[in-house]
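As a plain string of letters, each chain reads:
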Amino acid sequence: MKKLCLVVMLLSLGGCASDGESQTARRCPQVAILRALEALEDFGDATPSPETLVAAALMEGVEGTCLYSKKGLEIVFDLSMRAYRGPALQGGSVTMPFFVAVVDSEDQTRSKQLMTASFSFKKGENEAQQAESLRVFLPLLKGEDASSIRILMGFQLTQAQLEACQARLERVPVPKM
């Protein structure tokens, strides 16, 4: 159950299409789930412990494509997520905040949109899946390539959740290449 702060799931979207304005193939931007923000544990207002866990969620993967047009670039993708019921969950559903950000080649955030994923647990089940269909449109100048832009996503963590995740990352050994 605790697939927390796992390896970054990267997907360079392939299969970019063009409207025919240029014969030069332009690449799709990289779409990635941020490693440090791919998991979320919700303890509500309680002190974190196994008994006070409301729910946990994990971003599992992303798939999609992009299409260049005269006006810009449309990126369409599905973000798959999984949630786990905790013993402190009241009711059969939970929502988890997440974001999708557009980052340029200088690591500057061009835009960031906050969203919410809703998970409903069937009676007697402790796991629920959700796929969010997402669309990002980037206005571009004629002939401009967006391959240096990145679409990054992760759960929107509170300060306490972020500190707990950073502590876990510091304890996890980095594999040698």
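Residues numbered from 1 in each chain as written. Predicted model: local features only at pLDDT ≥ 70, side-chain atom pairs only at ≥ 80, totals over all residues. Heavy atoms only, no water.

1. Let's talk about the overall build of the protein chain
Part 1: On a plain count of helices and strands, the protein chain comes out with one helix and nine strands.
Part 2: In sequence order, the secondary structure elements of the protein chain are arranged as β-β-β-β-β-β-β-β-β-α.
Part 3: The burial tally for the protein chain puts 39% of its 177 residues in the buried class.
Part 4: By element, 52% of the accessible surface of the protein chain is carried by carbon and sulfur atoms, the whole surface being about 10400 Å². (Helix = DSSP H or I, 4+ residues; strand = E, 2+ residues; numbered from the N terminus. Buried < 20%, exposed > 50% of the residue type's maximum accessible area, 1.4 Å probe, protein only. Areas by Shrake-Rupley, 256 points an atom, 1.4 Å probe, with all protein chains shown as cover.)

2. Here we look at the nonpolar core
Part 1: Of all hydrophobic cores here, the largest spans 44 residues; its most connected members are Phe77, Phe98, Ile151 and Met153.
Part 2: In terms of residue count, strand 6 (residues 93-103) provides more of this core than any other element does, eight residues in total.
Part 3: Beyond its immediate sequence surroundings of up to four residues, methionine 153 is in contact with Val31, Ala32, Ile33, Leu34, Met59, Val62, Phe77, Leu79, Phe99 and Val100. (Core = buried A, V, L, I, M, F, W, Y, C linked by side-chain atoms within 4.5 Å. Contact = heavy atoms within 4.5 Å.)

3. So, the sheet that holds strand 5 (residues 72-85)
Adjacent strands of a sheet pair through backbone hydrogen bonds, lying either parallel or antiparallel.
Part 1: Taken together, four strands build an open sheet; the order of strands is 3-4-5-8 and the sheet is antiparallel. Strand pairing shows two members of the sheet lacking a second neighbour, strand 3 (39-42) and strand 8 (127-139), which therefore form its edges. On average, each strand axis in the sheet is inclined to that of its neighbour by 25 degrees, with strand direction left out of account.
Part 2: The pairing of strand 3 with strand 4 (residues 55-68) spans four bridges and is antiparallel. Paired with aspartate 42 across the bridge in strand 4 is alanine 55. (Pairing = 2+ DSSP bridges. Axes fitted to C-alpha atoms, helices over the stretch in contact; angles between N-to-C directions.)

4. Examining the confidence of the model for the protein chain
Part 1: Here the protein chain averages 82 in pLDDT, and 81% of its residues register 70 or above.
Part 2: When the criterion is pLDDT under 50, residues 1-23 qualifies, and its contacts beyond four places in sequence or with other chains add up to 65 contacts. (pLDDT = per-residue confidence, 0-100.)

5. Remarks on the pairing of strand 9 (residues 150-155)
Part 1: For strand 9, the tally of buried residues reaches five of six residues, placing the bulk of the element in the interior.
Part 2: Where strand 6 and strand 9 come together, six bridges link them in antiparallel fashion. Across the sheet, valine 100 pairs through a bridge with methionine 153, a residue of strand 9.

6. Remarks on empty space enclosed by the protein
Part 1: Counted under the stated rule, the structure contains one cavity of 30 Å³ or more.
Part 2: Approximately 30 Å³ is the volume attributed to the largest cavity.
Part 3: Lining the largest cavity we find ten residues, and of these Arg26, Ser69, Lys70, Leu140 and Leu141 sit closest to its centre.
Part 4: For the lining of the largest cavity, the per-class residue count stands at three nonpolar, three polar and four charged. (1 Å grid on protein atoms, 1.4 Å probe; cavity = no way out; pocket = protein on both sides within 12 Å on 5 of 7 lines; lining within 4 Å. Points joined across faces, edges and corners; volume = space filled by probe spheres on them. Nonpolar A, V, L, I, M, F, W, Y, C, P; charged D, E, K, R; others polar.)

7. Looking at the environment of alanine 164
Part 1: Mapped onto the elements of the fold, alanine 164 is located in helix 1 (residues 159-171).
Part 2: Alanine 164 gets classed as partly exposed once you look at its relative accessible area, which sits at 34%.
Part 3: It is 9.7 Å that separates the C-alpha atoms of alanine 164 and proline 48, two residues lying 116 residues apart in sequence.

8. Some remarks on the pattern of salt bridges
Part 1: In total, this model carries four salt bridges according to the counting rule given.
Part 2: Arginine 82 is the salt-bridge partner of glutamate 60, the closest N and O atoms lying 2.7 Å from each other. One end of the pair, glutamate 60, is in strand 4; the other, arginine 82, is in strand 5, and 22 residues separate them in sequence. Each of the two residues, glutamate 60 as well as arginine 82, counts as buried.
Part 3: Between arginine 150 and aspartate 107 there is a salt bridge, with its nearest N and O atoms 2.2 Å apart. In this pair, arginine 150 sits in strand 9 while aspartate 107 sits in the loop between strand 6 and strand 7 (109-120), placing the two residues 43 residues apart along the sequence.
Part 4: When its relative accessible area of 23% is taken as the criterion, arginine 150 is described as partly exposed. (Salt bridge = Lys/Arg side-chain N within 4 Å of Asp/Glu carboxyl O.)

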